[in-house]
Amino acid sequence: MAFADYDAAVDWSEREHTTLLRLVPVAASARFDTPAWQLAEVLWHIRSPSTPVTDWTDTGRAGLAAAERAHEPAARIRLLSNLGMACRQRRRLDEALEWHRQALELARATADAFEEARSLNLMGLVDLESRRFDEAGDRFERAAALFRDLGEPRRVAMGLSNVASTRLDAGRPAEAETAARQALAAHRALDNQASVGNALYIIAEAGREQGRFAAARHAVDEALDIALALRNRTLEGFWLLTLGDVQRDSGEYGDALASYQRSAMLHRRLGDRSREALAWRGTGLTYAATGRAQDAAAFHRQAVAAHRELGDAWQLAVELDHLAACVQGTDPEAARVHRAEALTYLARYTDPRAEALRSRIEARPAGRG
């Protein structure tokens, strides 16, 4: 069976998604272990970009159990890695790290250098999202060295992108842009379209933070064109956040609100509550920029609740600071309480971005919010 084109393949994947997921637990319960783990692994890779990752998690667990019964260590490593990626997408970072740790141990025990490098890279991504930048950088470097030795240029290029992301999240946009442009050139040469888009997103964010809004807009527009061509709603929803930020910074408030609204809608469909909350943040900041503090506060409160429930200390601290700014004029005591709480969450972070936020909050006069 061959598909006429990419769109036809995606159409089939979306149409058959639910039916195929049901086959794995049925096969596993009947002890058809080999087809069960094989199908679970295939379904991870053929998932439509528009389907929530939560749909696959139980399938992955069933496939992993089947691979263990079938004594298939290579399959176990891959499924452990997939489960880790699924948990990271759902912001269950401790669980994600544990899946990847198991994959790394098994890869080393079976002398599988490729999967060892892959696990190190994936663990680095969890460290990155947890703002453990030193640990992330160390794992990315070790993974890149292994991939280089294995002759994996595509994976080495992905490592460059991860280094750029680390620098961006730490609050070093100029360094991030330099690394991202190196990654962009490598990904273009390899025709890795999704990775090209990721590098463009980093360039857009770094440019925006440095006040170069036209260049940032050009980069994020190209990234979004790639997401739309791939019909990848995950990438579209995420990169729309950057588009909204650029539009807001450029004074295009109506367009920014539309970008955030679509991003929130896509992330709600995908079950990504963290990024949906980031869309609410963007909406709140846009309303605040237009003098609608009360409307802004409502969106920031929604985002605070989501980040609190997810246990995301960094995003919660950032959101509490935004909420404090919105209520400052009407309730300075509430603003003071929000900022005091934000400082408690910031205590664990020492990177430049965290230090800048902490300094700004502490500079507020005591008793005035």
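Predicted model only: the values in this text are computed from it and were never measured. (Residues numbered from 1 in each chain as written. Predicted model: local features only at pLDDT ≥ 70, side-chain atom pairs only at ≥ 80, totals over all residues. Heavy atoms only, no water.)

### Examining helix α12 (residues 233-249)
Then step 1. With 17 residues, α12 should reach 24 Å at 1.5 Å per residue; the first-to-last C-alpha distance of 24 Å fits that figure.
Then step 2. In terms of residue burial, α12 counts as a mostly covered element, since 14 of its 17 residues are buried.
Then step 3. Looking at where α12 begins, the residue whose side-chain oxygen comes 3.1 Å from the main-chain nitrogen of Thr234 is Asn232.
Then step 4. Of the residues trailing α12, Gly251 is marked for its positive phi of about 80°. (Helix = DSSP H or I, 4+ residues; strand = E, 2+ residues; numbered from the N terminus. Expected span 1.5 Å × (residues − 1). Buried < 20%, exposed > 50% of the residue type's maximum accessible area, 1.4 Å probe, protein only. Polar contact = N/O pair within 3.5 Å; in protein donor to acceptor, adjacent residues only side chain to side chain.)

### Points about the packing of aromatic side chains
Between two aromatic rings, the relevant description is the distance of the centres plus the angle of the planes.
Then step 1. Inspection of every chain in the model, using the stated rule, returns six aromatic pairs.
Then step 2. A ring pair is formed by Tyr201 and Phe238, whose centres lie 4.9 Å apart and whose planes are at 50°; its orientation type is tilted. Taken as a pair, Tyr201 in helix α10 (residues 193-209) and Phe238 in helix α12 lie far apart in primary sequence, 37 residues in all. Judged on exposure class, the residue Tyr201 and its partner Phe238 are both buried. (Phe/Tyr/Trp six-rings, centres within 6.5 Å; stacked < 30°, edge-to-face > 60°.)

### As for the packing of helix α1 (residues 6-29) against helix α3 (residues 54-69)
Then step 1. Interhelical geometry of α1 versus α3 gives an angle of 30° and a closest axis separation of 9 Å. Classified by the interaxial angle, the pair formed by α1 and α3 is roughly parallel. Every pair of crossing elements has a handedness; the one defined by α1 and α3 is left-handed. Here α1 contributes His17, Leu21, Val24 and Ala28 to the contact with α3, which in turn contributes Asp55, Trp56, Thr59, Ala62, Gly63 and Arg69.
Then step 2. Partitioned by chemical class, the residues of the contact of α1 with α3 number five nonpolar, three polar and two charged. (Axes fitted to C-alpha atoms, helices over the stretch in contact; angles between N-to-C directions. Parallel < 35°, antiparallel > 145°, perpendicular 65-115°, else oblique. Left-handed = near helix turned anticlockwise from the far one by under 90°. Contact = heavy atoms within 4.5 Å. Nonpolar A, V, L, I, M, F, W, Y, C, P; charged D, E, K, R; others polar.)

### A look at unusual backbone geometry
Then step 1. Even without glycine at this site, His71 takes up a positive phi of about 55°.
Then step 2. The residue Ala111 is not glycine, and still its phi comes out positive at about 55°.
Then step 3. Turning to its location among the elements, Ala111 is positioned in the loop between α5 (93-109) and α6 (113-129).

### Describing the environment of His300
Then step 1. Relative to the assigned elements, His300 resides in helix α15 (residues 293-310).
Then step 2. Along the primary structure His300 and Thr283 are separated by 17 residues, whereas in three dimensions their C-alpha atoms are 8.5 Å apart.
Then step 3. Those residues in contact with His300, other than ones at most four positions away along the chain, are Arg281, Gly284, Leu285, Glu319, His322, Leu323 and Cys326.

### So, the side chain of Glu41
Then step 1. By the element assignment, Glu41 lies in helix α2 (residues 33-46).
Then step 2. Non-local contacts of Glu41, meaning those with residues more than four positions away in its chain, are made with Arg78, Leu79 and Asn82.

### Concerning the side chain of Gln247
Then step 1. On the secondary structure map, Gln247 appears in helix α12.
Then step 2. Every residue in contact with Gln247, bar those within four places of it in the chain, is listed here: Arg217, Glu252, Asp255, Ala256 and Ser259.

### Considerations on the pattern of salt bridges
Oppositely charged side chains can pair when the atoms bearing their charge come close.
Then step 1. Tallied over the full model, the rule gives 40 salt bridges.
Then step 2. Asp7 is paired through a salt bridge with Arg231; the nearest N and O atoms lie 3.3 Å apart. Of this pair, Asp7 sits in helix α1 while Arg231 sits in the loop between α11 (213-230) and α12; the two residues are 224 residues apart in sequence, bridging distant segments of the chain.
Then step 3. The class of Arg231 is buried, set by a relative accessible area of 18%.
Then step 4. Its salt-bridge partner being Arg91, residue Glu129 comes within 2.3 Å of it at the nearest N-O pair. Here Arg91 lies in the loop between α4 (73-89) and α5 and Glu129 lies in helix α6, a separation of 38 residues in the sequence.
Then step 5. Accessibility expressed as a relative area gives 26% for Glu129, which makes it partly exposed.
Then step 6. Among the residues examined, Arg91 registers a relative accessible area of 16% and is labelled buried.
Then step 7. If you follow the salt bridges from partner to partner, you end up with Glu205, Arg208, Asp245, Arg248 and Asp249 in one network. (Salt bridge = Lys/Arg side-chain N within 4 Å of Asp/Glu carboxyl O.)

### Overview of the packing of helix α8 (residues 153-169) against α10
Then step 1. Look at α8 against α10: their axes get within 10 Å of each other, and the N-to-C directions meet at 25°. The angle between α8 and α10 falls in the class roughly parallel. Of the two elements, α8 crosses α10, and the hand of that crossing is left-handed. Contacts from Met158, Ser161, Ala164, Ser165 and Leu168 in α8 reach Ser195, Asn198, Tyr201, Ile202, Glu205, Ala206 and Glu209 in α10.
Then step 2. Looking at the contact of α8 with α10, its residues break down into six nonpolar, four polar and two charged.

### Things to note about α6
Then step 1. Under the 1.5 Å per step criterion, the end-to-end length of α6 is 25 Å for 17 residues, consistent within 8% with the ideal 24 Å.
Then step 2. Of all 17 residues that make up α6, 14 are buried, and the element is covered over most of its length.
Then step 3. Of the residues flanking the start of α6, the one acting as N-cap is Asp112, its side-chain oxygen 3.4 Å from the backbone nitrogen of Phe114.
Then step 4. Remark: Arg131 follows α6 within two positions and exhibits a positive phi of approximately 65°.

### Topic: the environment of Thr350
Then step 1. Position of Thr350 among the secondary structure elements: in the loop between α17 (332-346) and α18 (352-362).
Then step 2. For Thr350, a relative accessible area of 65% gives the class exposed.
Then step 3. Considering only alpha carbons, one finds Thr350 and Arg269, 81 residues apart in sequence, at a separation of 35 Å.
Then step 4. Among all residues touching Thr350, those that are not within four sequence positions of it are Glu355 and Arg358.

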